[in-house]
There are 2 protein chains.
Amino acid sequence: MTNSYNNALPALETVRIRDEFWGRTMDLVRNNVVPYQWEALNDRIEGAAKSHCIENFRIAAGQAEGEFFGCVFQDSDLGKWMEAAAYLLSQEPDPELEAICDEAVALMGAAQQADGYLNTYFTVKDPQGRWTNLKDWHELYCAGHLMEGAVAYYEATGKREFLDIMCRYADYIDSVFGPEEGKKHGYPGHEEIELALVKLYRATGERRYLNLAAYFINTRGTKPYYFDQEGEAREGEAYRQHIPGYGSNPGYEYYQAHKPVREQKDITGHAVRAMYLCTGMAEVARETGDESLMQACRTLFDSVVNRNMYVTGAIGSNESYERFSFDYHLPNDTVYGETCAAIGLVFFARSMLTLEKKAVYADVMERCLYNGVISGMSLDGKSFFYVNPLEVWPEAVAKVPNLYQHVALPRQKWFGCACCPPNLARLVASLGKYTYDYNGDTLYVHLYVGGAIDCGMVHMDVDSRLPWEGRVTFNLSAENEELDLALRIPAWCQGQFTITLNGKTLPSEIGEDGYAHIRRTWGEADEIAVEFAMPVLVLRSHPALRENVGKAALQRGPVVYCMEEADNGPKLHEFLLDPQAPVSFQYEAELLGGVGTLTCTGRRLVEKDAALYTAQAPETEPATAKLVPYYAWDNRGVGELMVWMHTL
Amino acid sequence: MTNSYNNALPALETVRIRDEFWGRTMDLVRNNVVPYQWEALNDRIEGAAKSHCIENFRIAAGQAEGEFFGCVFQDSDLGKWMEAAAYLLSQEPDPELEAICDEAVALMGAAQQADGYLNTYFTVKDPQGRWTNLKDWHELYCAGHLMEGAVAYYEATGKREFLDIMCRYADYIDSVFGPEEGKKHGYPGHEEIELALVKLYRATGERRYLNLAAYFINTRGTKPYYFDQEGEAREGEAYRQHIPGYGSNPGYEYYQAHKPVREQKDITGHAVRAMYLCTGMAEVARETGDESLMQACRTLFDSVVNRNMYVTGAIGSNESYERFSFDYHLPNDTVYGETCAAIGLVFFARSMLTLEKKAVYADVMERCLYNGVISGMSLDGKSFFYVNPLEVWPEAVAKVPNLYQHVALPRQKWFGCACCPPNLARLVASLGKYTYDYNGDTLYVHLYVGGAIDCGMVHMDVDSRLPWEGRVTFNLSAENEELDLALRIPAWCQGQFTITLNGKTLPSEIGEDGYAHIRRTWGEADEIAVEFAMPVLVLRSHPALRENVGKAALQRGPVVYCMEEADNGPKLHEFLLDPQAPVSFQYEAELLGGVGTLTCTGRRLVEKDAALYTAQAPETEPATAKLVPYYAWDNRGVGELMVWMHTL
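Attention in this report is confined to the structure presented alongside it.

Rules and cut-offs
Residues numbered from 1 in each chain as written. Chains lettered and ligands numbered in written order. Predicted model: local features only at pLDDT ≥ 70, side-chain atom pairs only at ≥ 80, totals over all residues. Heavy atoms only, no water. Helix = DSSP H or I, 4+ residues; strand = E, 2+ residues; numbered from the N terminus. Pairing = 2+ DSSP bridges. Axes fitted to C-alpha atoms, helices over the stretch in contact; angles between N-to-C directions. Contact = heavy atoms within 4.5 Å. Buried area = accessible area lost by both parts, 1.4 Å probe. Salt bridge = Lys/Arg side-chain N within 4 Å of Asp/Glu carboxyl O. Polar contact = N/O pair within 3.5 Å; in protein donor to acceptor, adjacent residues only side chain to side chain. Buried < 20%, exposed > 50% of the residue type's maximum accessible area, 1.4 Å probe, protein only.

1. Some details on unusual backbone geometry
Right, so step 1: Cis geometry marks the peptide bond from L409(A) to P410(A), where omega comes out at -15 degrees.
Right, so step 2: Cis peptide bonds are those with omega within 30 degrees of zero, and the linkage from L466(B) to P467(B) qualifies with 0 degrees.
Right, so step 3: Looking at the secondary structure, you find P467(B) in the loop between β9 (459–464) and β10 (471–477).
Right, so step 4: A positive phi angle, close to 60 degrees, is found at K571(A), a residue other than glycine.

2. Some words on the sheet that holds strand β13 (residues 504–506) of chain B
Either a parallel or an antiparallel arrangement is found when strands of a sheet pair, and the pairing is made through backbone hydrogen bonds.
Residue and element names in this part refer to chain B.
Right, so step 1: Reading across from one edge, β2-β8-β9-β10-β15-β12-β13 is the order of the 7 strands in this open sheet, with antiparallel pairing throughout. Every other strand in the sheet has two partners, leaving β2 (15–17) and β13 as the edge strands with one partner each. For this sheet, the mean inter-axis angle between neighbouring strands, taken without regard to orientation, is 20 degrees.
Right, so step 2: Here strand β12 (residues 497–501) runs beside β13; their pairing, made up of 3 bridges, is antiparallel. Paired with T500 across the strands is T505, a residue of β13.

3. Some details on the interface of chain B and chain A
Right, so step 1: Residue-level contacts link 59 residues of chain B with 59 residues of chain A.
Right, so step 2: Per-residue buried area on chain B facing chain A is highest for R546(B), L612(B) and Y613(B); these three make up 19% of the total on that side.
Right, so step 3: Here chain B and chain A share 2 salt bridges between them.
Right, so step 4: When the shortest N-O distance is used, the salt bridge between R546(A) and E640(B) registers 3.0 Å.
Right, so step 5: Applying the counting criterion to the chain B and chain A interface returns 18 residue pairs in polar contact (both at pLDDT 80 or more).
Right, so step 6: Secondary-structure elements contributing two or more residues to the side of chain B that touches chain A are α12 (291–307), α15 (394–399), α16 (401–404), β16 (536–541) and β22 (613–614) of chain B.

4. What about the pairing of strand β18 (residues 559–564) of chain A?
Residues and elements named next belong to chain A.
Right, so step 1: Here β18 lies mainly inside the structure; 6 of its 6 residues are buried.
Right, so step 2: Residues of β18 alternate between two faces, with V559, Y561 and M563 on one and V560, C562 and E564 on the opposite face, all of them buried.
Right, so step 3: Sheet analysis places strand β17 (residues 551–556) next to β18, joined by 2 bridges and oriented antiparallel. Note on β18: the bridge partner recorded for Q555 is V560.
Right, so step 4: Pairing analysis gives 3 bridges linking β18 to strand β23 (residues 620–629), with the strands arranged antiparallel. By the bridge assignment for β23, M563 is matched with L627.
Right, so step 5: When β18 meets strand β24 (residues 641–642), the two strands line up antiparallel, connected through 2 bridges.

What follows is the structure, given as structure tokens:
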């Protein structure tokens, strides 16, 4: 493996998550989400919308008769499900689950065509359509998800069959696409295969896969546009009449295919696609050392997190085409903020962190994970949000559907064609992959999630009280190993932390990378205890973010808080926070599965007369508000929500 | 004429408007808008979209060959144009214009069918469709606009031909609709004919017209729904599948036809329709003395102005179906605020004022006229807004069309199928009708518009400095007439005014009706001088109006002000008004055709670093802002607009 960057992610099986906060979510994924989804893929959930995903594979395999049913990207559901299942297996043996997976692998093998092609839609329904519409038909996207599943399953079980299937498919794809004459010079409309090919390359050492990933990225957005060419080949002159623009056919910005990726300075288009592209770019850059590609990643990361991200880590402010709108246009109520997009930002930040160690990447990853990602699932794991707004007025959602119909209240049961729930499952099940990095003799700790890591150099048990308390304890066993233990200092502690080594306080220095480095030769039993301050942060937005002028949001530790009608009654906007007044924190074990809550003070507008407009100054009375974690909102019936509060 | 209410509007020809402020707009209507529209109706404007309105009448009259072209309500354009032209003729003779009108009347006469029916769409294109879809096909709406034109033309010229044509049509309509067996028990989907029939009744004394207006109003929204019945008669069972709801077929709330009008407590649906209905209700109530109908009018007026009206007088906060959304949902940016709807609110307020003398009705009328109505036209009279937003971020309008595509920037040239421009023309041309009322021996002055009124009892010359100065002078000549001169005390003067009679100060008392009453026996030459204070009002919204929490708008006299990018640069939201600081007023003769402007002080947010979110308190620096009248915005190139400013 040629790698100019001495970075490696620990294999998932070397990390065990044993964390009070994340354990609950992982248990839900293991016990509810993954089993439920398998039933759904097999159409065995009564009353649920038909998935037909497995049946499509059976028909493609010649094991059943019938028509294809579902979205053009229906196959990807199985890929994501296999990936989530694999991560679960890497954490804990489960012969029953593994047997089901093996069965699915055999089915995929049977559905694969002689040339390696594997896509049930085009095999069953439209054989002539193969590779004729990369822009919209998700063929390479489905291939990518299946590849990710194959790599995860191989890493979890050591079984090669699925991996081999996907290598055959990748080899075939490589024979179709590339710079050589006679090959198609295309790239996918929905990015995903790029990052998957890098994973396949790492799993197999087959550099052609990396090259193909790089080809897709480097060719993207170059002129003449491939999407024009394939469109004209398919439809003739008619195609030209409906590009670009909004309406039924959005412009190529939507696909991040309007310019070569290195010329893209602003994040644009469909938020999930954009994140998958950026992740693929960072992964290719990591393997190739391509500095111009790295710089493109940095530019786009900056564009996302400094001009286009909500405080919850949600991205994609525009419901129309689930996309980014433009810098500082971040409405709290009409936002899309797809769960999958926040997940994609975790992927992107994770890849950047592998590329270069900067705590800011981990800060963003953590912001998404504790807020805009897990807000996508109810506390019982049974219902899901696609859209994650920061402000909700249920009456407006019901009565002004043209602005708010995408805001589905409450969370919806997950049936049929579904992207966010399995995406959330595979992310949570693989949380260990996001927690640590090796770099030379440095062990980086990015996230403070309880558990253990056993990585050759060192065995380390981690006990974390996050997110409600700032105490994390590491028990290391390393037998005279010299090692730099690099602990990320989260921005939310505002530089206030203490580190003790076997009871003795160490100097609290933060490196330029945002990590505290403890370099020493470790013994058989050392204890590092870290205590991060958890001040309640009264957050303000950049002045250009017009939606939030005069408003503040509260954050404590990694958790962003919100007001809900359940605690504060309706008309949340009538509360005006006093930003100077102290805010109290309390842990409430009985509330929302156990959460920290905040109580803050301010004043409340008084409705004194009926006039809509008056020259009288507003009348207010003293008031308090109770805030709960944003991720836990909408678990107590439909009501108002407000993250950004008005201030005095 | 049976009339339990001793109210009468002065005939328009007894009022002459000679006002510096309104004169400019009236001149534009006379010299630009009305002549231009006649050319447009005749398809003689090169490059303009085809109107075909006159040609449709020619074809219906058998004077030309061809197909009907245009909207189903294309005939109404001629009705509104005739009405505007008639008002101009009542103010000043114009033989050329009158000859054109006479020609148009002759054409309408020729197009009228033997049974009295007059509608070019159904005559030329769909004879079988006559009266089969009252809900959507605007037949009675077109009839109403032609009736209004006919009454205005009769009053202006004394010529009966157009009036007779419309009486024949009204007689025919009366033979088709009504409570009697064998008649259709329907009512129009777009209200308008109700108020027009009352005008026709007043012009002719023919009580059947009043009865038919009352029938349409009283039958509206009763069960079984007529719209269901005609829909099923037309389409059978298929019709039931698409009512009610949003999408292609909105619910009957859209048509104000979901409940009998007396049971409607909240203003709802298409804003223009709602206003025309309410106006018709008030006019019928005025003639019949129906107290339950009056009470329904009061309830709906209260719903509009105290919960659903913008500070500019704009109404209809929802772009979808151009309708009211619900109480206190008044977004400043996604608002529709159709010019025609503000005009409709003037009609409604005017009718309420005739029904009962309360200054609040005139206050609303004045608020609309000086703000949300004339904002619909550019200062040169050549371009028009349908949509009148209170906050505009042009980049968002361009890049987030799903939220803002209805906000057309800048004002658009008016071509083809157009409702607002001719509506504005007929309102402005008839401003004299909105200015005064008689009631017994009381002469009410509702609006302070310069000119003269000569009404038998009294001749009065009025000189008004409004809206820039608060001085109004009345020179009366009445020869021993005892008369109560009732002067409306506008809410904006906050009770601060002085009245002098022949130089002697009178007591400043405001009656319960909101008017100052000066009852005396008047001589040959009396002078009343009124001086209204014009404090700059720092307006605040009702606390339930969430959009405006922490914001203020400035008003001086009847004029609502706004910040524009042209004066303040971009990012208007970064200015924070100090609501306590003095605001200075200056008249700028060279700016925007001569306007008063305001200069206010506060602070401006400073963009100090790139971070999107920070725990630092916002940094600000001292700043001033210049405000111009809202009606004059968007006359200096596309830029940001903001009526409701953030405050310190």
